[in-house]
Structures are given as C-alpha cells and as structure tokens.
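Fold and geometry: a report
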Amino acid sequence: MVATTSTGRDGWSSRSAFILAAIGSAVGLGNLVRFPAEAGANGGGAFVLFYILCIVLIGLPVLLSETLIGRHGQAAAPESYRKVAEESGASKSWELVATLGVLSAFLVLSFYCVLGGWVLYYMYLFVADLIATGVSGPAFDGMSFEAVDALFPAMIANGPVTVVLNLIFLAITLFFVARGVSGGIEKVAVYLMPLFFVLLVGITIYSLIGGASQETFDYLFTFEPEKLTGEVMLAAVGQAFFSLSLGVAGMVTYGAYVSREVNLAGTSAIIGAADTSVALVAGLCIFPIVIAAGLTPNGGLGLMFQTLPHAFQEIPFGSLIGLAFFIMVGFAALTSSVALMEVPSAWVIDQFRLPRPAAVLLVTALAAVFGTLSALSTGMLSGFHPLGFLPMFEGLGFLDTLDTLTSKLTMPIGALFTAVFIGWIADKRLVDSENGLSGGLHYLWRFLVRWFCPLALLLILLGGIFPDRAAQLFAALGGGEVQSAEVAE
Ligand code: PHE
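First, a word on what this report is: a plain description of the structure on this page.

Parameters and conventions
Residues numbered from 1 in each chain as written. Predicted model: local features only at pLDDT ≥ 70, side-chain atom pairs only at ≥ 80, totals over all residues. Heavy atoms only, no water. Helix = DSSP H or I, 4+ residues; strand = E, 2+ residues; numbered from the N terminus. Buried < 20%, exposed > 50% of the residue type's maximum accessible area, 1.4 Å probe, protein only. Contact = heavy atoms within 4.5 Å. Near = heavy atom within 4 Å. Polar contact = N/O pair within 3.5 Å; in protein donor to acceptor, adjacent residues only side chain to side chain. Areas by Shrake-Rupley, 256 points an atom, 1.4 Å probe, with all protein chains shown as cover. Nonpolar A, V, L, I, M, F, W, Y, C, P; charged D, E, K, R; others polar. Core = buried A, V, L, I, M, F, W, Y, C linked by side-chain atoms within 4.5 Å. Expected span 1.5 Å × (residues − 1). Bend = angle between axes of the 7 residues up to and from the residue. Axes fitted to C-alpha atoms, helices over the stretch in contact; angles between N-to-C directions. Parallel < 35°, antiparallel > 145°, perpendicular 65-115°, else oblique. Left-handed = near helix turned anticlockwise from the far one by under 90°. Patch = residues over 30% accessible without salt bridge, like charges linked within 9 Å, V, L, I, M, F, W, Y side chains within 5 Å. Salt bridge = Lys/Arg side-chain N within 4 Å of Asp/Glu carboxyl O. Phe/Tyr/Trp six-rings, centres within 6.5 Å; stacked < 30°, edge-to-face > 60°.

Some words on the overall build of the protein
- Of regular secondary structure, the protein possesses 20 helices and zero strands.
- Taken along its principal axes, the extent of the C-alpha atoms in the protein is 70 × 55 × 45 Å.
- Each of the 489 residues in the protein was classed as buried or not, and the buried ones make up 60%.
- Contacts spanning at least 24 positions in sequence make up 81% of the contacts within the protein whose residues lie at least 6 apart.

The following block contains the structure:
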C-alpha cells in the first residue's frame with residue numbers, strides 16, 4: 001500500500017520512516033570515507049571539535065530550513081521554494097536556488113555512484129579472498145604489502161571495470177527509486193539502516209578491543225589549539241554540510257513527503273545527532289585497526305582503499321571483517337545515492353508530468369553518461385581537465401572537477417541562499433508555524449539563520465575559491481601555522 005501525505009501524494013508511511021530515510025541520506029561515503037580522511041589530513045582533534053561546532057551552528061539550522069521549505073511546499077524542490085516565496089510576497093525567482101540544488105544533486109549522483117562502484121569491487125575482492133583463505137585467517141594471506149597497495153591504482157585505472165561497476169551501482173539505485181517513496185526509497189532505508197548500525201557497532205567493538213583504542217582516542221579527541229588553522233576550519237565546515245546532505249535540495253525533497261504532524265525541529269536534531277555520531281564512530285572503527293597495524297592514519301582515499309586493507313592483512317578474521325566493512329560502506333552509500341537520485345527524479349516528475357519509472361530512467365541514463373566520464377577520469381581520460389583553465393580546477397580530472405564544483409561552490413551557494421531565504425525573505429508566521437520551535441531555541445535558531453549561517457557560508461565559499469588568501473588571513477588572525485589539508489575526494 002502506498003502511504004500518502006496530507007496532500008494525497010506518495011509519502012513516508014511514518015515519522016520513523018522519514019527519520020531513517022533522512023539519516024540514510026546523510027550517512028554515507030561522507031561519514032565513512034571523507035570524515036576519517038579529513039580528520040587524518042587535518043590533524044585529528046582540532047578538526048573534530050570544530051566539525052562538531054559547525055554541525056550545531058550551521059548544519060542544524062540549515063537542515064531545519066530545508067525540511068521546513070519541503071514540508072510546506074509538498075512538491076519537488078523548486079516548486080516548494082516557489083510556494084513559500086509566493087505566500088511570502090517574494091519573487092518566484094527564489095525557486096532558482098532549488099533548481100541549482102537539483103543540478104548539484106544530479107552531478108553528485110553521477111560521481112557518487114562511481115565511488116559506489118569502487119566499494120562493490122572491494123566487496124568482490126574480499127569475497128574472493130574469503131573463499132580462497134577461509135573465515136578465520138587474515139586478509140590477502142601470502143600477498144605482499146606492495147601487491148595489496150597496487151590493487152587500488154590498478155582498479156581505478158581499469159576503465160571497463162570502473163564503468164561497468166558504476167552502471168551496476170546506478171542500476172541498484174534506480175531499482176529502489178523507481179518504486180516510489182513508500183514502496184522503494186523508504187524500504188531501502190528501513191531495512192539497510194538498522195543492518196548498517198549493527199555492522200558499524202560490531203566492527204567498532206572488535207576494532208576497539210583488538211586495536212589501538214587509547215591512541216585513537218588521544219588522536220581524535222585531544223584538542224591542540226595550535227592545530228586549528230584556517231584550512232582546518234574550512235575543511236571542517238565543508239565536511240559538516242556535505243555530510244548532512246545540505247545545499248542540494250535533498251532535505252527539501254525528503255521534507256516534502258513528511259506529514260503535517262511531525263515536529264521538524266525535533267527530527268532535524270535526531271538526524272544531525274545520528275549523522276555526527278556515525279562520523280565519530282567511523283573514526284573509532286577505522287583508526288584503532290590502522291594504528292595497531294603500525295600504519296599512519298593519513299588522509300585521502302588511500303585510507304579506505306589501501307591503508308585499511310593492509311590493516312586487515314594483520315588481523316585474525318581479516319577477510320571476514322574486511323568484507324563486513326565494505327558491505328557496511330556499500331549500504332551507507334546506497335541509501336545516499338537513492339536520496340541523490342530522488343532529487344532530480346522528483347523534479348522531472350513534477351516538471352514534465354512523466355510517470356515515475358520513466359523519469360527515474362531518464363535521470364539514470366543521463367547520470368550514466370556523466371558517470372562514465374568520471375569513471376574513466378582516473379584512467380584513460382586522466383589528462384582531460386574540463387575546467388582546468390580556472391585556477392580552482394587546475395589539473396583536476398572529470399570526477400574531481402565535479403566534486404570540487406559541487407562541494408566548494410554549488411552546495412555552499414545553495415545553503416547560503418536557503419539561509420537568507422528563510423532568515424530574511426520568507427514570511428515569519430509561515431516559518432514559525434512549520435519549524436516546531438519554541439522559547440529561547442526559537443530565537444537562537446532565528447539568529448543563526450539570519451546572521452551566523454549566511455556569514456559563515458560566505459566565508460566557506462570565499463575560502464574555497466581563494467584557499468591561499470583565506471589560509472593566510474586565518475593564519476594572520478589566529479597565528480596558527482598553515483598546513484596542507486588536501487583530501488583526494
Ligand atoms: N551526505 C551524504 C554522505 O555523507 C552525501 C550526500 C550529499 C547525499 C548530498 C545526499 C545529498 O555521503
């Protein structure tokens with residue numbers, strides 16, 4: 001049976017279904033790959049503390065703003081912005097903020113599924129290894145350090161493999177999105193998210209008991225103020241809202257399927273808390289194994305695809321834990337790719353009045369074209385730098401160009417305008433009737449959306465566009481030493 005919202009559209013069947021789906025959207029490669037990689041590259045504790053501050057002060061207010069617009073509009077993202085704008089006597093052009101979000105979601109989808117394909121490849125590697133070496137042994141028994149190291153570059157350079165895996169990951173995503181909100185998107189979250197949590201907690205307990213838990217706690221939670229440089233701060237802000245899926249109209253789209261009775265402030269807090277906890281637990285899961293194996297918890301994609309497999313070489317049950325680990329990452333990636341595909345699909349359904357399966361197929365076909373270029377950009381097309389004439393994109397291949405374009409430009413722009421829209425433009429009574437806040441929290445939220453979020457987001461944007469200037473400025477203000485915060489995702 002299809003659940004419906006108060007307007008009679010297909011929607012979440014319950015409040016908890018919405019919460020699980022929104023957590024599923026938020027928790028993904030951003031938490032499991034990007035967060036530990038960024039924490040590793042940015043000196044641990046200082047980054048982690050600042051990241052938590054960003055979630056609370058910028059992430060949560062914008063998250064509430066997005067779900068609020070969606071729930072009020074009960075439509076695809078641009079139409080929801082338009083409705084709120086019209087009812088507030090503002091220009092319809094505000095819908096362009098959401099149109100940009102839809103475009104960003106599409107672009108993120110196209111490269112996210114390439115990374116999803118890499119995760120599928122590692123699942124295959126560990127299944128093959130499990131069959132070859134048995135359940136109790138370490139992973140890749142008998143293989144040299146160098147041979148395990150070489151698996152990752154060999155995979156990403158292999159065009160046919162990455163292209164096909166990307167198509168498979170897209171097809172799995174399509175399968176669920178085509179079935180609709182209550183019949184597909186919700187199902188994937190309701191079944192996979194609990195399994196994801198069981199795997200995460202199980203592997204983390206194993207890791208903390210058998211690994212270097214004390215060193216990990218010291219590494220992640222010791223706050224050394226001198227490490228808090230400008231670049232570290234910018235990396236933390238960017239990570240916070242990539243992780244919460246903000247700025248791509250994703251939470252607006254999911255918010256549109258929420259019924260009127262749900263308290264949005266409360267649910268936003270739960271979603272934010274769950275997403276942050278998963279990022280922190282991912283750190284507690286990965287670093288003890290890595291440090292105990294005598295490896296350096298460095299940043300970049302190598303942490304997940306090279307350092308961790310080395311660590312699995314050192315531990316009993318290594319192939320089994322490795323497989324469980326990559327299945328867990330795959331689940332998290334799928335609930336996020338489903339959210340990313342739903343944003344443009346909902347728009348195509350509303351805009352062109354197409355039936356859902358046709359709309360989803362169209363989005364998938366286009367994503368496959370872009371995805372193929374991304375998949376080949378780490379091999380055959382590595383010399384193709386589409387926006388290389390701009391300093392920000394110099395030397396970047398197709399995949400990295402899309403990643404930088406979205407996370408450093410279009411997503412912060414989307415979040416910035418959303419905060420301005422809700423803080424300054426939208427009718428105050430309309431906003432107050434939707435947000436579910438009362439008392440002091442209400443004033444705090446209003447202050448954050450009106451002043452703090454727009455200013456902070458403007459800073460992130462400028463920092464992303466002029467990284468050297470921003471780092472110098474922060475260093476001058478805080479006296480901190482400028483350090484490199486390169487993360488290859
Ligand atoms: N938040 C997801 C992650 O951390 C990525 C994502 C971004 C998903 C935007 C949906 C929308 O992996």
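Topic: the site of the ligand
- The immediate surroundings of the ligand are formed by 13 residues, with Ala-26, Gly-30, Tyr-112, Phe-242 and Ser-243 found nearest.
- At a separation of 2.8 Å, an oxygen atom of the ligand approaches a polar backbone atom of Gly-30.
- Interatomic distance of 3.0 Å between a side-chain N/O atom of Ser-245 and a nitrogen atom of the ligand.
- Considering the ligand on its own, with 320 Å² of exposed area, one finds that the protein chains cover 99% of that surface.
- Listed by contribution, the elements that provide at least two residues to the shell around the ligand are helix H1 (15-26), helix H2 (29-41), helix H11 (230-243) and helix H15 (318-352).
- Here the element with the most residues in the shell around the ligand is H2; it accounts for three residues.
- Along the lines of polarity and charge, the residues of the shell around the ligand split into six nonpolar, seven polar and no charged.

Examining the nonpolar core
- Core analysis: the largest hydrophobic core is formed by 168 residues, its most contacted members being Trp-12, Trp-118, Tyr-122, Phe-312, Phe-325 and Phe-326.
- Broken down by element, this core gets its largest block of residues, 22 residues, from helix H5 (residues 95-133).

Re helix H14 (residues 302-314)
- With 13 residues, H14 ought to run about 18 Å at 1.5 Å a step, and its terminal C-alpha atoms sit 17 Å apart, in line with that.
- The sharpest bend along H14 comes to roughly 30 degrees, located at Leu-308, with the proline Pro-309 sitting one to four residues further on.
- Of all 13 residues making up H14, 12 are buried, and the element is well covered by its neighbours.
- Where H14 is concerned, the buried positions are Gly-302, Leu-303, Met-304, Phe-305, Gln-306, Thr-307, Leu-308, Pro-309, His-310, Ala-311, Phe-312 and Gln-313.
- On its buried side, H14 packs onto H2, H5, helix H6 (145-149), helix H7 (151-157), helix H13 (264-292) and H15.

Quick look at the packing of H5 against H15
- At a minimum axis separation of 8 Å, H5 and H15 run at an interaxial angle of 160 degrees. Taken together, the axes of H5 and H15 are roughly antiparallel relative to one another. Here H5 runs over H15; the crossing is left-handed.

As for a nonpolar patch on the surface
- A cluster of nonpolar side chains, contributed by Trp-424, Leu-441, Leu-444, Phe-447, Trp-451 and Phe-452, occupies part of the molecular surface with about 620 Å² of accessible area.
- Of all the elements, helix H19 (residues 439-465) adds the most residues to the nonpolar patch, at five residues.
- Residue placement: Trp-424 occurs in helix H17 (residues 398-425).
- Given the relative accessible area of 39%, Trp-424 is considered partly exposed.

Let's talk about unusual backbone geometry
- Located in the positive-phi region is Ser-245, a residue other than glycine, with phi close to 60 degrees.
- Within the secondary structure, Ser-245 is located in the loop between H11 and helix H12 (250-255).
- In the Ramachandran plot, Ala-249 falls in the positive-phi region, its phi being about 65 degrees despite a non-glycine side chain.

Remarks on the packing of aromatic side chains
- For the structure shown, the criterion picks out 31 aromatic pairs.
- Judged by centre distance (5.8 Å) and plane angle (80 degrees), the rings of Trp-118 and Phe-305 are edge-to-face. Separated by 187 residues along the polypeptide, Trp-118 in helix H5 and Phe-305 in helix H14 bring together distant segments of the chain.
- Judged by its relative accessible area of 3%, Phe-305 is buried.
- Ring geometry for Phe-196 against Phe-197: centres 5.4 Å apart, planes inclined by 75 degrees, an arrangement best described as edge-to-face.

What is shown is where atoms sit, not what they do.
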